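Summary of the model geometry
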Amino acid sequence: MIYPPVGICSIAINFPSVIRTNDYWRKNYPDLVAMAEEKSLSKVFSPADSTPSNQFEQVMTPYLKDPFRGTIERRVLGSDESSLTLEYQAAKNAIAAAKLSPEEVDLMIVASLWPENILPGNAAFLAGQLGLRGAAWNLDSTCSNAMVALQNATALVRTGEYRNVLVVVSCTYSRFTDENDTLSWFFGDGAGAFVVAPLKPSQGILGSKIVNTSATCGTFYNELTMDAEGKPRMLIRAAKNTNRVLSETAVDYLRECCLGAVAAAGVTLEQIQFFAFNTPTAWYSHLCTQALGIEPERTINLYPHYANIGPMLPIANLYHGAQLGKIHENDLVLVYTVGSVSNAAATVMRWGDVALSTAPATSANLTDVLPKLVLV
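Read on for a plain summary of the structure. (Residues numbered from 1 in each chain as written. Predicted model: local features only at pLDDT ≥ 70, side-chain atom pairs only at ≥ 80, totals over all residues. Heavy atoms only, no water.)

Describing the overall build of the protein
Spelled out, the test is: Starting at the N terminus, helices and strands are each numbered in turn, a helix being any DSSP run of H or I of at least four residues and a strand any DSSP run of E of at least two. Here the radius of gyration uses the C-alpha set of atoms, whereas the globule reference equals 2.2 Å times the residue count to the power 0.38. Residue exposure (1.4 Å probe, protein chains only): buried if accessible area is under 20% of the type maximum, exposed if over 50%, otherwise partly exposed. We call two residues in contact whenever any of their non-hydrogen atoms come within 4.5 Å of each other. All accessible-area figures derive from a Shrake-Rupley calculation using a 1.4 Å probe, and residue coverage is judged against the displayed protein chains alone.
Counting secondary structure elements, the protein contains 11 helices and 14 strands. Compactness check: the protein gives a C-alpha radius of gyration of 20 Å against a globular reference of 21 Å for 376 residues, within 12% of the reference. Each of the three principal axes of the protein carries a C-alpha extent, and together these read 55 × 45 × 40 Å. Taking all 376 residues of the protein together, 58% fall into the buried category. When contacts within the protein are restricted to residue pairs at least 6 apart in sequence, long-range pairs at least 24 apart make up 79% of them. When the accessible surface of the protein is split by element, carbon and sulfur atoms take 52% of a total near 15,300 Å².

Topic: the sheet that holds strand 4 (residues 107-113)
We count it as follows: Strands qualify as paired when DSSP identifies two bridges or more between them. The axes are straight lines fitted to the C-alpha atoms, using for helices just the contacting stretch, and the angles between their N-to-C directions are given from 0 to 180°.
Ordered in space as 5-4-6-7-1-14, the six strands form an open sheet in which the pairing is mixed. Where the open sheet ends on each side, the last strands, each with one partner, are strand 5 (135-138) and strand 14 (355-356). The sheet contact formed by strand 1 (residues 6-14) and strand 14 spans two bridges and is parallel. Bridge pairing links S10 to A355 in strand 14. On top of the sheet, helix 6 (residues 123-130) reaches strand 4, strand 5 and strand 6 (165-172); it is set at about 125° to strand 4, its chief contact. Docked against the sheet, helix 7 (residues 145-159) engages strand 1, strand 4, strand 5, strand 6 and strand 7 (189-198), running at close to 20° with respect to strand 7.

Side note on the nonpolar core
Using the following cut-off: In this description, a nonpolar core means a group of buried Ala, Val, Leu, Ile, Met, Phe, Trp, Tyr and Cys residues linked to one another through side-chain atoms lying within 4.5 Å.
Among the nonpolar cores identified, the biggest contains 56 residues, and W185, L334, Y336 and V348 are the most heavily contacted of them. With nine residues, helix 8 (residues 242-265) is the largest single contributor of residues to this core. Once residues within four sequence positions are removed from consideration, L334 is found in contact with C258, V262, L269, I272, F274, F275, A276, T347 and V348. Grouped together as the second largest cluster of nonpolar side chains are 43 residues, I13, L107, I205 and M349 included.

Brief notes about helix 5 (residues 83-97)
Worth spelling out the cut-off: What a helix should span is 1.5 Å times the count of its residues minus one.
For helix 5, with 15 residues, the first-to-last C-alpha span of 21 Å sits near the 21 Å given by 1.5 Å per residue. Where helix 5 is buried, its residues meet strand 1, strand 4, helix 6, strand 6, strand 7 and strand 14.

What about helix 8?
Our working definition: The reported bend at a residue is simply the angle between two axes, fitted to the 7 residues ending at it and to the 7 residues beginning with it.
The first and last C-alpha atoms of helix 8 sit 33 Å apart over 24 residues, in line with the 34 Å expected at 1.5 Å per residue. The largest bend in helix 8 comes to about 35°, at T249. G266 sits one or two residues past helix 8 and shows a positive phi near 75°.

Some thoughts on the side chain of T279
Residue position: T279 is located in the loop between strand 11 (274-277) and helix 9 (284-292). We classify T279 as buried; its relative accessible area is 0%. Contact partners of T279, with chain neighbours within four places excluded, come to Y284, S285, N301, L302, Y303, A307 and L313.

Points about the environment of V245
Residue placement: V245 occurs in helix 8. Between the C-alpha atom of V245 and that of A135, which follows or precedes it by 110 residues, the distance is 39 Å. Apart from the residues within four sequence positions on either side, V245 is in contact with A215, T216 and T219.

Thoughts on the environment of N152
Keep this limit in mind: Under the rule applied, a polar contact is a pair of N or O atoms within 3.5 Å (in protein, one hydrogen donor and one hydrogen acceptor; residues adjacent in sequence only if both atoms are side-chain atoms).
Along the polypeptide, N152 turns up in helix 7. Taking C-alpha positions, N152 is 16 Å from A123, a pair spaced 29 residues apart along the chain. Not counting chain neighbours up to four residues away, the residues in contact with N152 comprise I109 and L139. There is a polar contact of 2.7 Å between the side chain of N152 and the backbone oxygen of V148.

Here we look at the packing of aromatic side chains
Stated precisely, the cut-off is as follows: For this analysis, a ring pair means two rings from Phe, Tyr or Trp (six-membered ring only for Trp) whose centres lie within 6.5 Å, classed as stacked if their planes differ by under 30 degrees, edge-to-face if by over 60, and tilted for the remaining angles. We call a charge positioned above a ring when the Lys NZ or Arg CZ atom is no farther than 6 Å from the ring centre and deviates by at most 35 degrees from the ring normal.
Applying the stated criterion across every chain yields a total of 13 aromatic pairs. Judged by centre distance (5.2 Å) and plane angle (80°), the ring pair of Y24 and W25 falls under edge-to-face. Through a chain of ring-to-ring contacts, three or more aromatic side chains come together here, namely Y24, W25, Y29, F68 and W185. Across from the ring centre of Y24, 4.1 Å away, lies the NZ or CZ of R20, which sits over that ring. Looking at R158, its charged tip hangs above the ring of Y3, at a distance of 4.2 Å from the centre.

Concerning unusual backbone geometry
Residues L113 and W114 are joined by a peptide bond in cis, for which omega reads 15°. Position of W114 relative to the elements: it lies in the loop between strand 4 and helix 6. Cis geometry is found at the peptide bond from L119 to P120, where omega equals 10°. Assignment of secondary structure puts P120 in the loop between strand 4 and helix 6. For T142, which is not glycine, the phi dihedral falls at a positive 45°. Tracing the backbone through its elements, the reader meets T142 in the loop between strand 5 and helix 7. A relative accessible area of 18% means that T142 is categorised as buried. Non-glycine residue V341 carries a positive phi angle of around 55°. Along the chain, V341 turns up in the loop between strand 12 (332-338) and strand 13 (343-350).

Put into structure tokens, the structure is as follows:
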């Protein structure tokens, strides 16, 4: 079937004001750093046995001597910041970059990990702040939020039901992790937005492959606890078998989705100019290039700068890939994401004349930093 050309026409990213390095934990939690293996770290990022048993554990091995497992810094919410404040600026900048008015946005899809309220989500609140009059709804697919939202938006624009769809994604892990738990070392916060609209002939989304990740059910879960002041707080927890499950499924999900997406697009991996992999760990980019047999120079690894920003990773990868000149108009781009207890997704697109927001956004300009992070 031949689809009309639809895809991303603008992208914006926005990060919180606080940059937290490993020295924060060394200074404030020296005993925790010394006993790192006794916390959640050992549940998620340690080999199941004494010797690596799969590709995931093999590429992880060089990082085992580092208690932070390759994490260098992460962006976390300041006292006056929230998922909504991050989303608002990213959304506003994406609309401006696309040269649209709020009235021209027919639909907004919002995927917040996590929203300010458990229900009903951020969509209506954000629509009011932006002055949108069109439809606004929430979506959830954990770390695959951006790609699942992109597929939904693309399908709706192709049918003619909507013309300009704004997708807004945020990740605020810091609110749901305990600083006394080493799991907090790997998480960061951020927000991004992009506009999906009709493009030039042959550009836009060419093919996708999405599969559910039911095999990872039970690896991460949420626990309602009480903080030091006696107030209820929801925290992310990792089960004891998390590393085994994630390491044993990582390559299979990657290959199934990426090979399925290129087949659907009618292209090959060799024809892809740029790969945007989600990088929830320092070694994940290396795992992806090794498992697919591609050159590291065809992707970037943002993990040292942002840590794990969940569903924000593909948006940041695309933004900075274009910012660095690694993506050009009409290049073939493959985006891959995997979310625990949700979906793994790959999408192949032919890059259009995508406008990058140049409005001020905390930590968005990595021109001086990213050349050092290109190699995986």
